[in-house]
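Residues per chain are reported as follows:
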Amino acid sequence: MIKAGQIDKGMGLLIKGAPFVVVEREFVNPGKGSAFVRLKLKSPTTGQTLQETIKSQDSVEDIEVVDRNYQYSYNDGEYFHMMDEASYEDVSVPMKTFEGYEFIMREGDSYRCTTYNDEIIDIQVPSKMVYLVADAEEAIKGDTVQGATKFVTTETGLRVRVPIFIKQGEKIRVNTETREYLERVND
Amino acid sequence: MNNLIKKRDIARLRGVLYSNIRRFFDSRGYLEVETPILSPDLIPEPTIDNFSTLFQNDFLGSRELYLLPSPEIYIKRLISEGFGSVYEISKCFRNNEQMGRQHSPEFTMLEYYTMAFSEKDSVSLTVDMLRETALPSARGASFLSSEPVVMTVRDAVLKYSGLDLDVLQDEDEFRAAAFGKLSIKIPSGEPWDDVFNRVFCTFVETAIPRDRLVFFTDYPAQINCLALRGEGDGSRYRRRWEVYAGGLELANCYAEETDPEVVRDYYRKEYDALLRSREGSGRVIPKSDAGFADIFSDFPSCSGVAMGLDRLLMLETGSSDINDVLLFPFSI
């Protein structure tokens, strides 16, 4: 059991017998009342999300999770295939578990994953990642307005809005949470 | 350099906002007051923890003083003396609250009390004030230009959770119904108002529109406070509201209680609850009777609003973290 105040993003909790991952945590103090912690939880298996508000003194059942390194091999549209870097074993993870990360994760990269009962329930993606610009529209001639932008597609398939000077084959740094362009990266 | 420009900009914008607010109230005949923030008295409120410090004097001895969580205790004294409509911008302090993007233990509050106003009058006054005092750069912000939503707490809870507070007055029934909607077991014996807060925080706060002002009116009477109860069927609710904008709780308002007996009874109950929750904890326990209820022997009908100005500045500058609008973010 864990006290509400110690719950943090990325932790695993057992809710009505099923594992959930904490995706958001926020402290709330209603005008007249006890202190609460509001949680947004996600089921790694079904992708179902739950809102939950617990009192700061409440205890919640947490689950024993282990962090391990996995190499992302590929996805087949239904499952991500991850290779355990210690045992070289291939583990399939339902697409729902890493929902939103399919164009963020790069094949061949190593990621720290949270496991529960030997199943992957969450992934820790770096907050900034460098991508290769695989496809870029040509900047429209004559468009010299400052701050003008266009879309490019990275080698992982992520579409990012960038300044017009970015060209195909260049590298860019992207905030993986907001999917926003941060800067051009020169090798 | 960039950071210096940003900090100077925040300092300047805060100054403009404050002078706009002062102009708004001054032109309407409110008196600006300055009350102590270091006080020997506290309003006993079990849900607010206070900072305490020690007054020391070689001749007078020592005694505990408190940094006030709100100027209410002093402003109400002035009102009882016949000051009329007043406002104050003051530093407030709250201890033992969670730290985060919306909280700082030291923050700035605007309080305004309007004589002969109901809480409903205060809704339109507050909308006018926010619109008229907005920073030039924030005038087009949707939370100011969109039509505000005003809805009762009962309607909001019914709409977003399906639970009807009119029907669920019994503590056990409410707990059972709420547990049907929530997934974490609510401890048996949990008071009605805590169950309400769970439901409200889970289903209502997360679902309300973020692009406009949302006023929730008529809070359940089970939440004990110094707001008047409604009349007749409305007596299950109290005449108070809270306003949200952009997901932030920005201000609250009461139609102020004026009956000295009700105030006395309120303090007795709050003090007992405070003792129960704090005995042996080492947390601040103020003395039992500051004589505060006595000022209500001749207290005029009025409506008071308390608004967090750091949060208002966050909304007007598009900041999502309170520390972005503080020149010295609190850190320990």
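Reference entry: report on the structure contained in this document. Computed from a prediction, not measured in an experiment: that's the story for all the values here.

### Some words on the environment of B:Glu34
All names here are of chain B.
Then step 1. As for its position among the elements, Glu34 is in the loop between strand 1 (31-32) and strand 2 (38-39).
Then step 2. Judged by relative accessible area, Glu34 falls into the exposed class, the value being 79%.
Then step 3. Along the backbone, Glu34 and Ser90 are 56 residues apart, and their C-alpha atoms lie at a distance of 7.7 Å.

### Quick look at the nonpolar core
Then step 1. Counting 41 residues, the largest nonpolar core has B:Phe25, B:Leu110, B:Tyr112, B:Met129 and B:Met307 as the members making the most contacts within it.
Then step 2. The dominant element in this core, judged by the number of residues it contributes, is helix 1 (residues 2-27) of chain B, at 7 residues.
Then step 3. Those residues within four positions of B:Tyr112 in sequence are excluded, and the remaining contacts are B:Phe25, B:Val86, B:Tyr87, B:Leu125, B:Thr126, B:Met129, B:Ser303, B:Gly304, B:Val305 and B:Met307.
Then step 4. Core analysis: the second largest hydrophobic core is formed by 27 residues, A:Ala136, A:Val152, A:Leu158 and A:Val162 among them.

### Some points on the interface of chain A and chain B
Then step 1. Contacts between the two partners involve 22 residues from chain A and, on the opposite side, 29 residues from chain B.
Then step 2. Carbon and sulfur atoms supply 50% of the area that chain A and chain B bury against each other, a total of about 2,300 Å² over both sides.
Then step 3. Ranking the residues of chain A by area buried against chain B places A:Phe27, A:Asn29 and A:Lys32 at the top, with a combined share of 30%.
Then step 4. We note a salt bridge from B:Glu190 to A:Lys55, for which the minimum N-O separation is 3.6 Å.
Then step 5. Our count for the chain A to chain B interface comes out at 6 residue pairs in polar contact (both at pLDDT 80 or more).
Then step 6. Among the secondary structure elements, those contributing two or more residues to the side of chain A that touches chain B are strand 3 (18-28), strand 4 (36-42) and strand 5 (49-55) of chain A.
Then step 7. With 6 residues, strand 5 of chain A is the largest single contributor of residues to the side of chain A that touches chain B.
Then step 8. Among the residues forming the side of chain A that touches chain B, the class breakdown is 8 nonpolar, 7 polar and 7 charged.

### With respect to the sheet that holds strand 7 (residues 149-152) of chain B
Residue and element names in this part refer to chain B.
Then step 1. Strands sit in the order 1-5-6-11-10-9-8-7 across an open sheet of 8 strands; the sheet is mixed. Sheet topology places strand 1 and strand 7 at the edges, where each strand pairs with a single neighbour.
Then step 2. Most of the contacts of helix 3 (residues 119-133) go to strand 11 (residues 302-308), to which it runs at about 40°, and overall it touches strand 6 (106-115), strand 7, strand 8 (214-220), strand 9 (237-245), strand 10 (248-255) and strand 11.
Then step 3. Sheet strands in contact with helix 5 (residues 153-161) are strand 7, strand 8 and strand 9, and its direction is about 90° off that of strand 7.

Reading the values: rules and limits
Residues numbered from 1 in each chain as written. Chains lettered and ligands numbered in written order. Predicted model: local features only at pLDDT ≥ 70, side-chain atom pairs only at ≥ 80, totals over all residues. Heavy atoms only, no water. Helix = DSSP H or I, 4+ residues; strand = E, 2+ residues; numbered from the N terminus. Buried < 20%, exposed > 50% of the residue type's maximum accessible area, 1.4 Å probe, protein only. Core = buried A, V, L, I, M, F, W, Y, C linked by side-chain atoms within 4.5 Å. Contact = heavy atoms within 4.5 Å. Buried area = accessible area lost by both parts, 1.4 Å probe. Salt bridge = Lys/Arg side-chain N within 4 Å of Asp/Glu carboxyl O. Polar contact = N/O pair within 3.5 Å; in protein donor to acceptor, adjacent residues only side chain to side chain. Nonpolar A, V, L, I, M, F, W, Y, C, P; charged D, E, K, R; others polar. Pairing = 2+ DSSP bridges. Axes fitted to C-alpha atoms, helices over the stretch in contact; angles between N-to-C directions.

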